[in-house]
Structures are given as C-alpha cells and as structure tokens.
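The lines below spell out each chain.
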Amino acid sequence: MGLGPFVETQTTSGKVGTAVKILGNNLTGSTSVTFNGTVAVFTVKSASEITTTVPTGATTGTVQVITPGGTLSSNIPFRVP
C-alpha cells in the first residue's frame, strides 16, 4: 500500500491572497503551481518547500505542482471559501 509522490499544503484552506507553504520532495526546478487549475505565482525555497499565495480565481480543489520529475497533486483538496 505505498503512496505515490504528492505535495501537502501547510494550510488546507484560505481566501485569495492567503500565504501557503507547499511541502514535498524534489521540488527544486518546479515550473508551475496551480490551485484547481488556476495558476499561482510561487517561489521554490528549498528541495522540500515552495511558498505561494492563493491566486485570484482559485476555487476549491487539488493543488498541483509540476516538477522536473512529474506532476504532484495534493492529497487533500484545498478549500477556497
């Protein structure tokens, strides 16, 4: 029952503009962060951390990060009130 790679948000909900940390593995070189398909501006802080904010137009759903190794999805949906 091994889980595949995924990312985890350090908060599971927030309105537009809320700061969010995304934790995972091998995040260096990531090229995209989206909140349920809405593109977010982000900064790779380390191989295991990305910082971002909830973008305008974001809706409740999966957070995805495109890394050099593939697309990683959050294991818990991010809720945008």
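Residues numbered from 1 in each chain as written. Predicted model: local features only at pLDDT ≥ 70, side-chain atom pairs only at ≥ 80, totals over all residues. Heavy atoms only, no water.

Take the pairing of strand 7 (residues 63-67) next. Across the two faces of strand 7 the burial differs, with Val-63, Val-65 and Thr-67 buried and Gln-64 and Ile-66 not buried at all. Across four bridges, the pairing between strand 7 and strand 8 (residues 70-73) is antiparallel. Residue pairing across strands places Ile-66 opposite Thr-71, the latter belonging to strand 8. What sits between the antiparallel neighbours strand 7 and strand 8 is a turn of two residues. (Buried < 20%, exposed > 50% of the residue type's maximum accessible area, 1.4 Å probe, protein only. Helix = DSSP H or I, 4+ residues; strand = E, 2+ residues; numbered from the N terminus. Pairing = 2+ DSSP bridges.)

The next subject is the sheet that holds strand 8. Overall, antiparallel pairing links the four strands, which are arranged 4-3-7-8 in an open sheet. Here the strands that pair on one side only, and so sit at the sheet edges, are strand 4 (38-40) and strand 8. Across the sheet, the mean angle separating the axes of adjacent strands is 30° when strand polarity is ignored. Pairing analysis gives three bridges linking strand 3 (residues 32-35) to strand 4, with the strands arranged antiparallel. Residue pairing for strand 4: Val-33 is matched across the bridge by Ala-40. (Axes fitted to C-alpha atoms, helices over the stretch in contact; angles between N-to-C directions.)

Read these as layout, nothing more, since geometry by itself doesn't imply function.
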